[in-house]
Amino acid sequence: MQAVNSSKRNFILLILAIFVGVFSLSGYFAQSVKADVYTQPASQLGDLNSKRPGFTGVPVVKTESDGQQYVEFDFVQPNLTSKTIELYYQTDNSNGYSYVSDFSTNTIQTNQNWQVVHYKIRSSYFGFKIDTADSSLQMRVVFSGATGIFNWNNIGTYYSPYFNPTTPVTGISITTPNQSLFPLIPQNLNVSADLQSVDNIWSKFTDSNTGKATANVTPTNTTDKVNWSLSSNTSQLTLPSDTSSWFNQQNNNVSNGKAQTQFYLPVGLNLATNTDSNSYGFPVTLTAKAGQATNKQTLDLGGLKAINTDSDTVTQKGLGSVVASAIDTNSVTNLIQTLNATLKKSTSGTLQYNWVYWDPSNSSDTKSGYTSKQNLTNASDLTNSFPNRFNNQSNFIQYVEDQTAAGKSVAIQFRIYDSANSKNAITTSNRAALTIKPITAQLTQVPTAFNFGSIPVAAAANGSNGQAVSAVTTNDNQIKIQNANRNWSLTASYTPFTNQSGNTLQTILAVGLAGKTTNLSQSATSVASGNSQTSANYDQNVTASLQFSKNNTAANIKTDSPYTAKVTWNLTNNTPKLSSASN
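About the cut-offs
- Residues numbered from 1 in each chain as written.
- Predicted model: local features only at pLDDT ≥ 70, side-chain atom pairs only at ≥ 80, totals over all residues.
- Heavy atoms only, no water.
- Pairing = 2+ DSSP bridges.
- Helix = DSSP H or I, 4+ residues; strand = E, 2+ residues; numbered from the N terminus.
- Axes fitted to C-alpha atoms, helices over the stretch in contact; angles between N-to-C directions.
- Buried < 20%, exposed > 50% of the residue type's maximum accessible area, 1.4 Å probe, protein only.
- Contact = heavy atoms within 4.5 Å.

(A) Spotlight on the sheet that holds strand β15 (residues 212-218). A sheet is described by the order of its strands in space; here 3 strands give the open sequence β13-β15-β18, paired in antiparallel fashion. Since the sheet does not close on itself, it has two edges, and those belong to β13 (171-175) and β18 (258-262), each with one partner. Averaged over all neighbouring strand pairs, the angle between strand axes comes to 20 degrees, with direction disregarded. As judged from the 5 bridges shared by β13 and β15, these two strands associate in the antiparallel manner. Counterpart to S173 in the pairing with β15 is N216.

(B) How the structure looks around the pairing of strand β3 (residues 60-63). Relative to strand β4 (residues 69-78), β3 runs antiparallel, the two being bridged by 4 bridges. Counterpart to T63 in the pairing with β4 is Q69.

(C) Up close: the environment of Q500. Within the element layout of this structure, Q500 appears in the loop between β32 (497-498) and β33 (504-505). Classification of Q500 as exposed rests on a relative accessible area of 73%. For the pair Q500 and D560, spaced 60 residues apart in the sequence, the C-alpha separation amounts to 8.2 Å. For Q500, the residues in contact, after removing those within four places along its chain, are S561 and P562.

(D) Spotlight on the environment of W228. Structurally, W228 can be placed in strand β16 (residues 226-232). Given a relative accessible area of 2%, W228 falls into the buried group. Taking C-alpha positions, W228 is 9.5 Å from F263, a pair spaced 35 residues apart along the chain.

Written out as structure tokens, the structure reads:
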């Protein structure tokens, strides 16, 4: 080690940047630094009342408004007539010591001939920049010779506490302003109509709260940093294993017990279709980890649930109301308010929106609705005039019902635009599956049998003189139809009356239903119909009468076994003519 000039022996301040474990003691300090400059256990803190010299606490490294980095500390010492400071330092690539004469002091407390002095030294004069993340950084004060009123030879060497003493996190929790997250797209981007060419686009909306999170940690003065990550909870959404680049503060220092971050999401994540009617988009896990403490929060990407409904609900409530119930209202309203505030700063436009859908057979063929509302202010504006007509689909509801009946689902998505740049979306929801189950009339009961009893051969022969034989009426002779307030028709047909020997009778079977009598034949014959004015529960008694043809003769009628016929009832649902649903 280089010898200290004897004329500068009054007060020597040593700052040691020790990188423990990187170099051996003998190898690193052999040429220029004594073995006694290694970091040591901190000396007893100074105490002004007891007139005990020493550091009062941990030295602090600060970067001030001038961009310069400073080292500051308080030291208890006797009154001095002169002060000089020398620094011993070591970095990754240099070691030695340098003489420092440019520093400031300020006496902040006194007790007779003792004082607490605040030292402030520009770190650039030490020959290297202080690494505030180095938890082994330590300062040393050495007193030698006699100055003023006190013999410093009797005091010796003092070591400060480490600059960054480790204070581990014991607890951590995450708070976010919204449940749902949305990608935000810079407006200077040339975004294609269906957004499929966009990947890994970060937002210019840096003041947006749509992708913000706060980690609340204890203790509040922890030295641990918070690391953030995002992972997927569903096979429908694949995220990269490393999402650190999505966070503007991936490795957060904690300030006053909080570490805040903001993250931006690739637009390409919203190309998948959500099929879960319980989740506002795709569930993702936001993880904050500090030291050994970890907290996770489940959020949703896209803000739109899958919609599984039926034509009755759509007719009663309107498709707009049904879709509105699938939107994360709070998150979307906050999103819209953020975008409005941003637009006021950057453009003269206002927010407008559009709904689009994809045919199940072609997920890249986007169809647009005829809806575009300016001055979008909250989530309800998105569905107040939900389009019942889209390009190429004059009856969107019927189209979705047909796809649902075929076992397929249509995907829908809303997009929000700046009216000053309406070709490019600012943000989008996820795609969400939409199914509308057609509610059809159901035939639930038909007569079990028409019993005409025993008929004399003479009565059945020669047309029975035009007389009809009525069937015995029972409680089982009923027609029951559920959801009868649809467009439907009921037909009936019957097979010839035949006995076990195969002999047949020529007959005319007539049924009476809801005040209307209809003669049946071997072909399907309409006996009743319904529409939207029909009662939802159709419950009617059925009567039956039988006449015999003149072609029957007594000689042809066999009495060795009963004659029976089979009646077939068939309910057909016609294409529903649903009204255009709206709120």
